[in-house]
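Fold and contact review
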Amino acid sequence: MASSGTYTNAFKTGFSLQLRWSTVSQDIANNTSSVKVETWLVNTYSTSSSATKSGSITINGSTGTYSFVVGNGVQNKKLFERTITVGHNQDGTKVVALSTTANIQLTLSGSYVGSVTVTGSPTLDTIPRKSTYSTIPTSATAGTSFSYAIARASSSFTHRVGFVFGTSNQWIDIGSATSGTFTPPLAWLAGIPNSTSGSMTAYVDTYSGGTFVGGTSKTITLSVPASVVPTIGSVTVSRVDGPVPAGWGVYVQNKSSANVTINGAAGAYGSTITKYETTMSTTTKTGQTTNFTLPTSGTVTFTGKVTDSRGRTATKTMNISVEPYTTPAIV
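All of these numbers come straight from a predicted model, not from anything done at the bench. (Residues numbered from 1 in each chain as written. Predicted model: local features only at pLDDT ≥ 70, side-chain atom pairs only at ≥ 80, totals over all residues. Heavy atoms only, no water.)

What follows concerns the sheet that holds strand β15 (residues 234–240). Ordered in space as β15-β17-β20, the 3 strands form an open sheet in which the pairing is antiparallel. Looking at which strands have only one partner, the edges of the open sheet turn out to be β15 and β20 (289–293). Geometrically, the sheet is characterised by an average inter-axis angle of 25° between neighbouring strands, direction not taken into account. Here strand β17 (residues 257–263) runs beside β20; their pairing, made up of 5 bridges, is antiparallel. By the bridge assignment, Ala 258 is partnered in β20 with Phe 292. (Pairing = 2+ DSSP bridges. Helix = DSSP H or I, 4+ residues; strand = E, 2+ residues; numbered from the N terminus. Axes fitted to C-alpha atoms, helices over the stretch in contact; angles between N-to-C directions.)

Attention shifts here to the packing of aromatic side chains. This model, assessed by the stated rule, comprises 13 aromatic pairs. Ring centres 6.0 Å apart and planes at 75° place the aromatic pair Phe 146 and Phe 182 in the edge-to-face group. Within this pair, whereas Phe 146 is found in strand β9 (residues 146–151), its partner Phe 182 is found in strand β12 (residues 179–182), the two being separated by 36 residues in sequence. Of the two residues, Phe 146 and Phe 182, both sit in the buried class. Residues Tyr 207 and Phe 212 carry aromatic rings whose centres are separated by 5.6 Å and whose planes lie at 65° to one another, so their mutual orientation is edge-to-face. A residue is classified by how much of its surface remains accessible, and Tyr 207, at 21% relative accessible area, is partly exposed. (Phe/Tyr/Trp six-rings, centres within 6.5 Å; stacked < 30°, edge-to-face > 60°. Buried < 20%, exposed > 50% of the residue type's maximum accessible area, 1.4 Å probe, protein only.)

Under the criterion given, the structure shown has 1 cavity of 30 Å³ or more. Surrounding the largest cavity, Phe 11, Phe 15, Leu 41, Asn 43, Thr 47, Val 70, Ile 104, Leu 106 and Leu 108 form its lining. Secondary structure elements with two or more residues in the lining of the largest cavity: β3 (32–59) and β5 (98–108). (1 Å grid on protein atoms, 1.4 Å probe; cavity = no way out; pocket = protein on both sides within 12 Å on 5 of 7 lines; lining within 4 Å. Points joined across faces, edges and corners; volume = space filled by probe spheres on them.)

Bridge count between strand β18 (residues 273–280) and strand β19 (residues 283–286): 4 bridges; the pairing is antiparallel. For Glu 277, the partnering residue across the bridge sits in β19 and is Thr 286.

Here Ser 271 shows up in the loop between β17 and β18. Taking the C-alpha atoms as reference points, Ser 271 and Tyr 203, separated by 68 residues in sequence, lie 28 Å from one another. In this structure the side chain of Ser 271 is engaged in a polar contact, spanning 2.8 Å, whose partner is the backbone nitrogen of Ala 268. Polar side-chain contacts of Ser 271 include one of 2.9 Å to the side chain of Asp 308. (Polar contact = N/O pair within 3.5 Å; in protein donor to acceptor, adjacent residues only side chain to side chain.)

So, on to the environment of Ile 104. In this structure, Ile 104 sits in strand β5. Residue Ile 104 is classed as buried on the basis of its relative accessible area, which comes to 2%. The spatial distance from the C-alpha of Ile 104 to the C-alpha of Thr 290 is 106 Å, given a sequence separation of 186 residues. If we ignore the near neighbours within four places in the chain, the residues touching Ile 104 are Phe 11, Leu 41, Lys 53, Phe 68, Val 70, Val 113, Gly 114 and Val 116. (Contact = heavy atoms within 4.5 Å.)

Here it is in structure tokens:
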């Protein structure tokens, strides 16, 4: 890469045509360079010509013509100069094709010289382009902050970062800062009601002044924290008296039964309840309301359990007291 240079065609002893080029300026926002090309005739032997000649300069495929006079004597003479704006590649690089032609049309040192051309393909200085994330995690947890850092291609650039998860997004203008933190909101988890993780895209948009330069992105796996589980309002138990007189108001071993209901169960951040279970001792039954016979006396514990669409679970217990009963027998 360079900002100036010279290409020479020594077309005859003591005579050369030079193409001198230079980058006048660069426009970071528009990704362009202003390139100047000069045509010079250098001779260490004397010439004598007052006739008008023609020539051309081509820069990046764009050609301009000129006229000149070779003149008299020994000289280092600029015949013409031309400046145009050249667009760079998307990544800021550019190899520019240059050429200049001078129709000398003179007899020099006993031989005729007609058209002389000089060509060159210099690599221009790369124009800084879009910034990228230099540091950002590949995975994150909703509700937990993470840090990021930006590799800035030019100190004049400013940035806007964005985080997109499904239909949820948040964009932050960070100005000239090159680092920051972000906490994915727990509310975004509503976008993955049936999964414990999903893909979040982190964007960084680069601006030069008010002009958009370009954008890049990274993918982050966003996980549901372990604390996000379904909830149970309560577990209630009601007597089914059977042969036991209702007025007794008690559960009786092998005579009463119990209806167990799981109340007020709810998913978390978009999940839904997909399964209800209740366990008494080693017996588990499925359903929001289940019925159990009572084969033992004393304290009986019922454990209600719900499972949500993410496969996460919650439990709650309820105890009852069961009176003992033994069937009479003749001994």
